[in-house]
Amino acid sequence: MATTKVLSVVSEIYPLIKTGGLADVAGALPGALAAEDVEMRTLVPGYPAVMTALAEAEKVEKVFRLKDLFGGPAVVLAGRAKGLDLFVLDAPHLFDRPGNPYHDGDGEDWPDNPFRFAALARVGAEIGFGAIKGFRPDVVHTHDWQAGLTPAYLEYDGRPRPGTVATVHNLAFQGQYPKDMLADLRLPPHAWGVDGVEYYDTIGFLKSALRMSDRVTTVSPTYAAEIRSGEGGMGLSGLLAGRAGVVSGILNGIDTDVWDPADDPLIAGHYDASTPSSRRTNKSALQKRFGIKVDRRAMVFGVVSRLSWQKGLDMVLEGIETILSVGGQLVLLGSGDRELVDGFRHAAAAHPGRVGVMIGYDESLAHQVQAGSDALLVPSRFEPCGLTQLCALRYGAIPIVTRVGGLADTIIDANEMALEAGVGTGVMFTPPHADMFRAAILRAADLYRDGATWRRLMKNAMRTDVSWRRSAARYAKLYRDLVTERNA
Ligand code: ADP
Ligand code: GLC
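Residues numbered from 1 in each chain as written. Chains lettered and ligands numbered in written order. Predicted model: local features only at pLDDT ≥ 70, side-chain atom pairs only at ≥ 80, totals over all residues. Heavy atoms only, no water.

Asker: How would you sum up the pairing of strand β1 (residues 4-9)? Please name residues and give values.
Answerer: Counting buried positions along β1 gives 5 out of 6 residues, so the element sits mostly inside the fold. Across 6 bridges, β1 lies against strand β2 (residues 38-45) in parallel orientation. Among the inter-strand pairings, Ser 8 is bridged to a residue of β2, identified as Thr 42. Crossover connection from β1 via helix α1 (residues 21-34) to parallel β2: handedness right-handed. Sheet topology note: the β1/strand β6 (residues 139-143) ladder contains 4 bridges and is parallel. Across the sheet, Leu 7 pairs through a bridge with Val 140, a residue of β6. (Buried < 20%, exposed > 50% of the residue type's maximum accessible area, 1.4 Å probe, protein only. Helix = DSSP H or I, 4+ residues; strand = E, 2+ residues; numbered from the N terminus. Pairing = 2+ DSSP bridges. Right-handed = clockwise from strand over helix to strand, strands pointing away.)

Here it is, written out as structure tokens:
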């Protein structure tokens, strides 16, 4: 069978630019798919970090130019940087600015975001039509609202188009803009309608992708089911239920080379499933690093997270007394909402030696928390997939999670029967309320006190296959089926 060519269109990619799991997925997919005979190349905006990485590439080619892309000239560059085959949209008037891909230093969205990401989508569509010699994609795969207009530009153009797949990583971010932007976004008048970009009287970037793509995927089977129901659908459940036949859930994996406790340059001591007791070095290093008491017996609960309502960390604040009551310690690495930042800073000040908090974004610290904590807390209210619990499994930090989305699909609750069958990998609770969180902490502490049981859980966790292997095969099949269907 011929190699399937896929263009991935995405607004962030690890290790060049990352605000969350989306970047991890975009960065890992091409490598995972290569084993499935899929050639994936990725179009990303030329933010300063991306341009810097590209400058180090061996060979950079200018593959096409646009005289005017929403207010300025643009060049599309092709090159291989940090192991990734990239097309980079170099449009300084849109992307040459400091800081975050989506907002300024004060956390305010860039006011021209609709045009910045429409530009990404338009160029994605041009590559889809074959603008780049030697790379005419069979499928264009878009991620989240930022790439959301790509299928619309492909559809309304009228030229023969490739197949389209849209992946939802988080339905909470939808990209809605005023309807009077329609013409400025170079969308035709007939795009305005329920089968096009119209969404509650606005232009809906994500909505149009979900409406117009040949296939819609999300990042876990349970989230795929949740978003077809009222609350989980966040305004889009009707549309998604109506398209149920083309909506599916494909679980994320993690890059098991980047996340490998046996060979991780960012952690203090190496170990694997057969030597879990060697985690001790990492535990004491972590306790030191977070300024809490170095104590082998204290159960360390870790958090690595965006601090937002989605992640349910207010439950952790409400549960701190319970953590301390079982002789536990808390280490938290995160950044985000002011209220939660203040809450955790306050908790650290109130419980010196037992609660350690680092506010910020720090890749190596994230590895150290995974390697040194006994348990990782992920009490999300909703979670499309979640990657930190997968890292935790791999690193032998037992995940304590809510039964939602991808958390429900990746963790096996250590209940009586699972323990009996020897298959538990974590502790799961529902519904996402502080009371249930506290009960889960108590249950986890009981399991921890029973050394043999805990060791068993760690082994099970560390032996779980959290790689992209199975899911890469599913994406490859999805692309191939789509190509076959469109050629029929
Ligand atoms: P989301 O994308 O919703 O934030 P995921 O669990 O899918 O959640 O992915 C989060 C990714 O970001 C993981 O790779 C995690 O390690 C990383 N991460 C989150 N917060 C931080 C932080 N403060 N410092 C370093 N890495 C972080
Ligand atoms: C989103 C979701 C997260 C998912 C990630 C990658 O950020 O919040 O659950 O793991 O995307 O798909």
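Asker: Break down the environment of Val 6 for me, with residues and values.
Answerer: Mapped onto the elements of the fold, Val 6 is located in strand β1. With a relative accessible area of 0%, Val 6 lands in the buried category. With residues near it in sequence (within four places) discarded, Val 6 still touches Val 38, Glu 39, Met 40, Arg 41, Phe 135, Pro 137, Val 139, His 141 and Tyr 479. (Contact = heavy atoms within 4.5 Å.)

Asker: Break down the site of ligand 1 for me, with residues and values.
Answerer: Near ligand 1 there are 18 residues, and of these Gly 21, Asp 24, Arg 306, Gly 360 and Leu 387 occur at the shortest range. Note that an oxygen atom of ligand 1 is positioned 2.8 Å from one of the backbone N or O atoms of Leu 387. Compared with its free state, where it exposes 560 Å², ligand 1 has 93% of that area covered by protein. Counting only elements with at least two residues in the shell around ligand 1, the list comes to α1, β13 (300-307) and β14 (329-336). (Near = heavy atom within 4 Å. Polar contact = N/O pair within 3.5 Å; in protein donor to acceptor, adjacent residues only side chain to side chain. Areas by Shrake-Rupley, 256 points an atom, 1.4 Å probe, with all protein chains shown as cover.)

Asker: Pulling in residues and values, what's your account of unusual backbone geometry?
Answerer: Cis geometry marks the peptide bond from Tyr 14 to Pro 15; its omega dihedral reads 5 degrees. Here Pro 15 shows up in the loop between β1 and α1. Here Thr 430 and Pro 431 are connected by a cis peptide whose omega angle stands at -5 degrees. Along the polypeptide, Pro 431 turns up in the loop between β18 (427-429) and α16 (434-449). Non-glycine residue Arg 186 carries a positive phi angle of around 60 degrees. With a phi close to 65 degrees, Asp 201 is a non-glycine residue in the positive phi region. Looking at the secondary structure, you find Asp 201 in the loop between β9 (198-199) and β10 (202-204). The partly exposed category is assigned to Asp 201, whose relative accessible area is 43%.

Asker: How would you sum up the site of ligand 2? Please name residues and give values.
Answerer: Within the structure, ligand 2 sits among 14 residues, and His 169, Asn 252, Glu 383, Cys 385 and Gly 386 are positioned closest to it. At a separation of 3.4 Å, an oxygen atom of ligand 2 approaches a polar side-chain atom of Asn 170. One of the side-chain N or O atoms of Asn 252 is found 2.8 Å from an oxygen atom in ligand 2. Coverage of ligand 2 by the protein amounts to 93% of the 310 Å² it exposes when considered alone. Counting residues per element, the shell around ligand 2 draws most heavily on α1, at 3 residues. Partitioned by chemical class, the residues of the shell around ligand 2 number 6 nonpolar, 6 polar and 2 charged. Each of domain 1 (4-253 + 469-487) and domain 2 (276-462) accounts for three or more of the residues forming the shell around ligand 2. (Nonpolar A, V, L, I, M, F, W, Y, C, P; charged D, E, K, R; others polar. Domains from an automatic or database assignment.)

Asker: Give a detailed account of the packing of helix α10 (residues 313-325) against helix α11 (residues 338-350), specifying residues and quantitative values.
Answerer: Between α10 and α11, the least distance of the axes is 10 Å, while the angle of their chain directions is 25 degrees. One way to sum up the angle between α10 and α11 is to call them roughly parallel. When the axes of α10 and α11 are compared, the crossing they make is left-handed. Contacts between α10 and α11 involve Leu 313, Asp 314, Val 316, Leu 317 and Ile 320 from the former and Leu 340, Gly 343, Phe 344 and Ala 347 from the latter. Residue composition of the contact of α10 with α11, by class: 7 nonpolar, 1 polar and 1 charged. (Axes fitted to C-alpha atoms, helices over the stretch in contact; angles between N-to-C directions. Parallel < 35°, antiparallel > 145°, perpendicular 65-115°, else oblique. Left-handed = near helix turned anticlockwise from the far one by under 90°.)

Asker: Lay out a positive patch on the surface in plain terms, naming residues and giving numbers.
Answerer: Residues Arg 280, Lys 293, Arg 296, Arg 297 and Arg 354 make up a contiguous surface patch of positive charge. Relative to the helices and strands, Arg 354 is located in the loop between α11 and β15 (355-359). (Patch = residues over 30% accessible without salt bridge, like charges linked within 9 Å, V, L, I, M, F, W, Y side chains within 5 Å. Salt bridge = Lys/Arg side-chain N within 4 Å of Asp/Glu carboxyl O. Lys, Arg positive; Asp, Glu negative; His and termini not counted. Charge placed at Lys NZ, Arg CZ, Asp CG, Glu CD.)

Asker: I'd love a proper account of the sheet that holds β14, names of residues and values included.
Answerer: Here we have 6 strands laid out as an open sheet, ordered β15-β14-β13-β16-β17-β18, and parallel in their pairing. Each having just a single partner strand, β15 and β18 make up the two edges of the open sheet. Strand-to-strand, the axes of this sheet are offset by a mean angle of 15 degrees, without reference to chain direction. Pairing of strand β17 (residues 398-402) with β18, which is carried by 3 bridges, proceeds in the parallel orientation. Of the residues in β18, the one forming a bridge with Val 401 is Met 428.

Everything listed is a geometric property; what it means functionally is a separate question.
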